[in-house]
Amino acid sequence: MATAVRTDTDVAFQRCLTPSCGSTYDVGEVRTCCGQCGGLLDVAYDWDRLPVPDSLRSFEDKWSRRNEPLCRSGVWRFHELLPFAPPEKVVTIGEGQTMLSPSDGVARYVGLQPGQLFLEYEGLNPSGSFKDNGMTAAFTHAHTIGARRAACASTGNTSASLALYCGVSKLMQAVIFIGSGKISYGKLSQALDYGALTVQIAGDFDDAMQRVQQVSSQLGIYLVNSVNPFRLEGQKTIMYRVLEGLDWEVPDWVVVPGGNLGNSSSFGKAFLELLELGLIDRVPRLAVINAVGANTLHELFEVRGQRWNGGQVDHQATTGYYAEMDESNNRASTIASAIEINRPVNYQKCLRALDVCHGVVREVTDQQILDAKAQVGASGLGCEPASAASVAGAKLLRAEGVIDPSERVVCVLTGHQLKDPTATVAYHTTDQQEFNRVLGSRGVQRAAFANRAVAVPNDLDKIVQAIQLNS
Ligand code: F0G
């Protein structure tokens, strides 16, 4: 695959995240870490030599040009803020046309004043999750450098997204790695339907992630997991759209589920850059929410006190913790399968985001996740379990008094409700056995907000009676 030497004339380049290293690489080089120190990479820009708008409001002009693909895309509308590829190389399928929706029902559940809770609904993306924001960016980079195959390990959404971009564009073959029995049928069905080469590893996501990195480097396959810095460039735009939905006002809090930590990392980078460019004058606080059964970030950040520390991250603390997990055979386990991850690849970057946004990390139980999910569903949008961790986390932070009732809070709903119908139906089911089978072993004891189906004989009078009794 192409490698290229960085020249002084490049306005976009890759740079090692660790400030004391700061090595730079050409934008056309395919890397997932720094060749000098092994740190993660950022896509960096020489903003002084780029046409940056004076105000975020100027992006609104693009709405009037929605017949142009780059203006229609909710990612590439903000091309000036992720200018690593020439417009003619961009591969877009109209991703990012999502909405920021106020929800007073969810605000009440969380404990916020009416009008203060917003749901950023990323389930509206073409593949049904936020992943398309990042995939269009990584895919564009892959296309720019002439890749013919692209791979990822996935808990289901990244693979659905990659498979979709490959299927629509026919530019590359998708090779996806999944853990066996670990992926919801909604997501698996997408990858199979879109024609991806699907490799099911006898292991979990953390195993699949390790293998895909080895295989990609051995076979020269382009890797699109969020360790790829171009992915995160696309995911920055979720926050641009949040700001746009708030008429360019910065909210007090952004709450997001944490799995591989790509989203939280990209949000931190988005706000850091907007601040540096003078396009905002303050940043929101960031809350990253783990599931109790997959809580590495919570453990390292909140319990063991690990911090960004000006880029001097204590990597020994991380490797020590991973060794402890291995010793006690601690594998990730949660009903929120999308975030069932114990070794988040973007941990280092997420620490920076938490630093920039004065962030906090919380863990929520599967019970809290499913109850919050039912509340989101009742509000009309609907999301998959992992997404509801954001709402459960906001509720917890409100109860702790960390979030004030008068503050403006944005919860990111990362994936569509139909991604994982098994969890939803089991929660609402009338069949206690089914509930116990799917959810019982996860420590979910009650379905406080269950909307049970009413069973009736096939008899007109009985059906009418049942409707009158229940309405
Ligand atoms: N929510 C959903 C619906 C996801 O699919 C994921 C990640 C996350 C939250 C966590 O986001 O990794 O940026 O912290 N899913 C990945 C996948 C891992 O393979 O689809 P993150």
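The shown structure was predicted, so the numbers you read here are calculated from the model rather than taken from an experiment.

Caption draft 1: Region of the structure containing the pattern of salt bridges. Summed over the entire model, instances satisfying the criterion amount to 26 salt bridges. Arg65 serves as the salt-bridge partner of Glu68, at 3.2 Å between the closest nitrogen and oxygen. Residue Glu68 is classed as partly exposed on the basis of its relative accessible area of 34%. Between Glu384 and Lys187 there is a salt bridge, and its shortest N-O distance comes to 2.6 Å. In this pair, Glu384 sits in the loop between helix H12 (366-378) and helix H13 (385-399) while Lys187 sits in helix H5 (residues 185-193), placing the two residues 197 residues apart along the sequence.

Caption draft 2: Expanded view of the packing of helix H3 (residues 131-144) against helix H4 (residues 157-169). Contact geometry of H3 with H4 gives a least axis separation of 9 Å together with a crossing angle of 50°. By the angle between their axes, H3 is oblique relative to H4. Viewed along their axes, H3 and H4 form a crossing whose handedness is right-handed. Taken together, the residues of H4 that come into contact with H3 (itself represented by Lys131, Asp132, Met135, Thr136 and Phe139) are Asn157, Thr158, Ser161, Leu162, Tyr165, Cys166 and Ser169. Class assignment of the residues belonging to the contact of H3 with H4 gives a composition of five nonpolar, five polar and two charged.

Caption draft 3: Local environment of the nonpolar core. The biggest cluster of nonpolar side chains holds 98 residues, and the ones touching the most others in it are Phe84 and Leu162. Taken domain by domain, the makeup of this core includes at least three residues from each of domain 1 (1-50) and domain 2 (99-127 + 231-423).

Caption draft 4: Highlighting the site of the ligand. Taken together, 21 residues sit near the ligand, with Ser154, Asn157, Gly259, Asn260 and Thr414 positioned nearest. The separation between an oxygen atom of the ligand and a polar main-chain atom of Gly259 is 2.7 Å. With the chains in place, 99% of the 480 Å² that the ligand exposes on its own is no longer accessible. Contributions of two or more residues to the shell around the ligand are made by H4 and helix H8 (262-276). In terms of residue class, the shell around the ligand is built from seven nonpolar, twelve polar and two charged.

Quick notes on the rules
Residues numbered from 1 in each chain as written. Predicted model: local features only at pLDDT ≥ 70, side-chain atom pairs only at ≥ 80, totals over all residues. Heavy atoms only, no water. Salt bridge = Lys/Arg side-chain N within 4 Å of Asp/Glu carboxyl O. Buried < 20%, exposed > 50% of the residue type's maximum accessible area, 1.4 Å probe, protein only. Helix = DSSP H or I, 4+ residues; strand = E, 2+ residues; numbered from the N terminus. Axes fitted to C-alpha atoms, helices over the stretch in contact; angles between N-to-C directions. Parallel < 35°, antiparallel > 145°, perpendicular 65-115°, else oblique. Left-handed = near helix turned anticlockwise from the far one by under 90°. Contact = heavy atoms within 4.5 Å. Nonpolar A, V, L, I, M, F, W, Y, C, P; charged D, E, K, R; others polar. Core = buried A, V, L, I, M, F, W, Y, C linked by side-chain atoms within 4.5 Å. Domains from an automatic or database assignment. Near = heavy atom within 4 Å. Polar contact = N/O pair within 3.5 Å; in protein donor to acceptor, adjacent residues only side chain to side chain. Areas by Shrake-Rupley, 256 points an atom, 1.4 Å probe, with all protein chains shown as cover.

Keep in mind these values describe shape, not function.
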